[in-house]
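Per-entry structural report
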Amino acid sequence: MCSDFRVTEGTGSEMHALISELYPICRSITGNGFRRTMEIIRKHIPIEICEVPTGTRVFDWVVPKEWNIRDAYVKNSKGEKVIDFQKSNLHVVNYSTPVNGGFSLSELKNHLFTIPEHPGWVPYRTSYYKEDWGFCLSHDEYSKLEDGVYEVFIDSTLEDGHLTYGELCLPGERSDEVLLSCHACHPSLCNDNLSGVSLLTFAAGAIASLPRKYTYRFLFIPGTIGAITWLCLNGEKASKVRHGIVVTGVGDAGPLTYKKSRRGAAEIDRTAVQVLKDSCRDYKIVDFSPYGYDERQYCSPGFNLPVGRLSRTPYGEYPEYHTSADNLEFIRAQDLEGSFSVLMEILFALENNGTYLSTNLKCEPNLGKRGLYSSFGPEQLAMLWVMNLSDGQNDLLDIVERSGMGFRDVLRAANLLAENGLLENRASACSPINQSSPQAQGPTEGK
Ligand code: ZN
């Protein structure tokens with residue numbers, strides 16, 4: 001499914017299929033839904049499933065009690081279920097405490113949530129850090145509720161347990177790491193979180209079978225508290241992160257959006273910008289802000305890791321966000337695949353960036369006598385750029401930025417010049433990735 005960091009056509013359908021498998025599970029920031037999700041991912045890639053006990057202090061936070069739910073409903077006075085968790089896990093406010101009792105309609109309404117402007121959709125609500133209970137339903141169904149006594153039942157537990165997360169490390173030639181992180185704590189929501197989960201599962205499967213310079217670390221964590229927990233318990237690993245991307249919301253039809261790291265001009269930021277420019281796709285670049293997903297934690301000043309974020313339409317800017325309309329129809333295989341391709345292209349550029357020194361700093365070498373001069377075209381122009389800027393100071397990314405050429409074109413020229421003794425590799429401690437690397441195996445093969 002992936003060779004030379006290029007994504008094979010059709011992978012988007014496999015990504016969509018994994019999302020369909022994960023979609024029905026009631027996930028939360030802790031609990032068995034999150035564990036089941038990790039076990040399904042482990043059928044594709046060998047993640048380690050880590051458990052951190054309730055009560056563990058993690059910087060200014062504490063790992064919360066573990067939440068699990070088996071069933072929940074609201075019945076009207078005729079005994080009919082008017083809200084049913086079995087139909088959609090979004091119907092229960094995530095982290096609801098157990099309830100079993102009768103409530104008048106006005107009492108019940110204090111615990112009901114709807115979206116009046118989208119009366120057919122069910123909202124997604126949580127109450128992680130305040131013990132409470134509630135139900136979410138469409139405004140249409142809400143409007144039909146009649147006066148009377150309602151039977152409310154939530155069969156949940158909120159007890160000491162664990163926070164679960166999944167981690168996979170793929171060692172490379174260097175101990176320097178690329179961190180790829182997604183949150184996996186949302187229940188039946190596709191773009192906001194399952195698209196990122198699926199993309200990183202497939203990316204890990206692809207990278208596992210490619211030769212690589214960097215060590216890759218994949219994190220499948222509950223949002224916010226998961227990143228805080230991982231950073232608190234893994235300071236040593238965090239110090240090795242040279243580049244990183246938070247991946248989420250990558251399955252909708254909107255333009256690809258890269259949010260820069262707090263550093264703003266880190267190599268990952270510059271690489272992502274150039275790859276998107278060269279991708280022939282619609283894209284947007286946004287500056288860092290201390291609001292969003294787990295980049296907030298990775299880019300907190302005490303870490304200040306070079307971690308950006310890859311999404312499509314940013315969260316909160318599409319009406320389906322955090323509603324039942326963020327479903328299997330909202331995300332499309334071709335958009336998942338396009339996001340996957342861009343991520344892999346960014347990683348390819350990171351892997352192959354390096355600094356060269358021209359062996360002919362005083363005037364151009366004679367390309368003709370080496371058989372490198374044909375009719376003047378883009379390849380010739382790329383060689384001129386690489387020879388001119390390879391003074392030992394500029395890396396290939398600098399040359400891409402100044403020439404406006406694509407990374408692969410510049411790399412091809414550099415490789416050709418190096419093969420002909422016209423360039424020396426300066427800063428890259430290992431050989432560039434072989435462009436004719438063996439055919440990679442998909443993550444689902446051989447399981
Ligand atoms: Zn969300």
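This section reports on the structure supplied with the text. (Residues numbered from 1 in each chain as written. Predicted model: local features only at pLDDT ≥ 70, side-chain atom pairs only at ≥ 80, totals over all residues. Heavy atoms only, no water.)

Further remarks concern the pattern of salt bridges. The final tally for this structure, using the stated rule, is 21 salt bridges. A salt bridge links D4 to R6; the shortest N-O distance between them is 3.7 Å. On the basis of relative accessible area, R6 is assigned to the partly exposed category, the value being 43%. (Salt bridge = Lys/Arg side-chain N within 4 Å of Asp/Glu carboxyl O. Buried < 20%, exposed > 50% of the residue type's maximum accessible area, 1.4 Å probe, protein only.)

Bringing the coordination of the zinc ion into the picture now. Protein coordination at the zinc ion: the donors are H186 (NE2), D192 (OD) and H322 (NE2), at 1.9 to 2.1 Å from the metal. Counting gaps between the donor residues of the zinc ion yields the pattern H-x5-D-x129-H. One end of the pair, D192, is in helix α5 (residues 190-208); the other, H322, is in the loop between β18 (307-311) and α10 (333-352), and 130 residues separate them in sequence. Classification of D192 by relative accessible area gives buried; the value is 1%. When its relative accessible area of 22% is taken as the criterion, H322 is described as partly exposed. (Donors = N, O, S within 2.8 Å, 3.2 Å for Na, K, Ca; no water. Helix = DSSP H or I, 4+ residues; strand = E, 2+ residues; numbered from the N terminus.)

On to a nonpolar patch on the surface. A cluster of nonpolar side chains, namely Y373, F376 and L381, defines an oily patch on the protein surface of about 320 Å² accessible area. Within the secondary structure layout, L381 lies in helix α11 (residues 378-389). Since its relative accessible area comes to 34%, L381 is described here as partly exposed. (Patch = residues over 30% accessible without salt bridge, like charges linked within 9 Å, V, L, I, M, F, W, Y side chains within 5 Å. Areas by Shrake-Rupley, 256 points an atom, 1.4 Å probe, with all protein chains shown as cover.)

At a minimum axis distance of 9 Å, the contact between α11 and helix α13 (residues 407-419) shows a crossing angle of 70 degrees. When the axis of α11 is compared with that of α13, the two are roughly perpendicular. On the side of α11, the interface is formed by A382, M383, V386 and M387, while α13 contributes D409, V410, A413, A414, L416 and L417. (Axes fitted to C-alpha atoms, helices over the stretch in contact; angles between N-to-C directions. Parallel < 35°, antiparallel > 145°, perpendicular 65-115°, else oblique. Contact = heavy atoms within 4.5 Å.)

That is the geometry; function is a separate question.
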